[in-house]
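Observations on the three-dimensional arrangement
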Amino acid sequence: QVQLVESGGGLVQAGDSLRLSCVASGRRFSSNAMAWFRRAPGKEREWVAAISWNGGSKYYATSVKGRFTISRDNGKNTVFLQMNDMKPEDTAVYYCAVDLVGSGVPGLESKFDYWGQGTQVTVSS
């Protein structure tokens, strides 16, 4: 059974940093692109960032570029999202996802095959 489990969320103040982790079990994803999405209150889930299978290519949404960094450790079957200079508009539930076929972009939900349950991130002003 494949599971993706996110962790690292919490309550922070504007300008602070958080690092999210997503650990996969039940299957190795070292050959697959992975991504982070988020869903803010009252909004649809949006793509945040994606990383290629070997970490050689990284892609970001305009709203987080320059502040967030996606990375991965294939030996640990884990993907990370380092979030710096956080803003109240970053408040959302953050999800990791796996794209078995493509590069993780464009960030269409239908392209992703496995999802985590999400971790809450709240940024106060």
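A short tour of the structure in this document, coming up. Small disclaimer: the values here were computed from a predicted structure and weren't measured.

**Brief notes about the sheet that holds strand β7 (residues 68-73)**
A sheet is described by the order of its strands in space; here 4 strands give the open sequence β1-β3-β8-β7, paired in antiparallel fashion. Each edge of the open sheet carries a strand with a single partner, namely β1 (3-7) and β7. When strand polarity is set aside, the average angle formed by the axes of neighbouring strands in this sheet is 15 degrees. Sheet analysis places β1 next to strand β3 (residues 18-25), joined by 5 bridges and oriented antiparallel. Among the inter-strand pairings, Leu 4 is bridged to a residue of β3, identified as Ala 24.

**Quick word on the side chain of Thr 91**
Residue placement: Thr 91 occurs in the loop between β8 (78-83) and β9 (92-99). Within polar-contact distance, the side chain of Thr 91 engages the backbone oxygen of Pro 88 at 2.9 Å. Here the side chain of Thr 91 touches Val 123 through a polar contact of 2.9 Å, landing on its backbone nitrogen.

Parameters and conventions
Residues numbered from 1 in each chain as written. Predicted model: local features only at pLDDT ≥ 70, side-chain atom pairs only at ≥ 80, totals over all residues. Heavy atoms only, no water. Pairing = 2+ DSSP bridges. Helix = DSSP H or I, 4+ residues; strand = E, 2+ residues; numbered from the N terminus. Axes fitted to C-alpha atoms, helices over the stretch in contact; angles between N-to-C directions. Polar contact = N/O pair within 3.5 Å; in protein donor to acceptor, adjacent residues only side chain to side chain.

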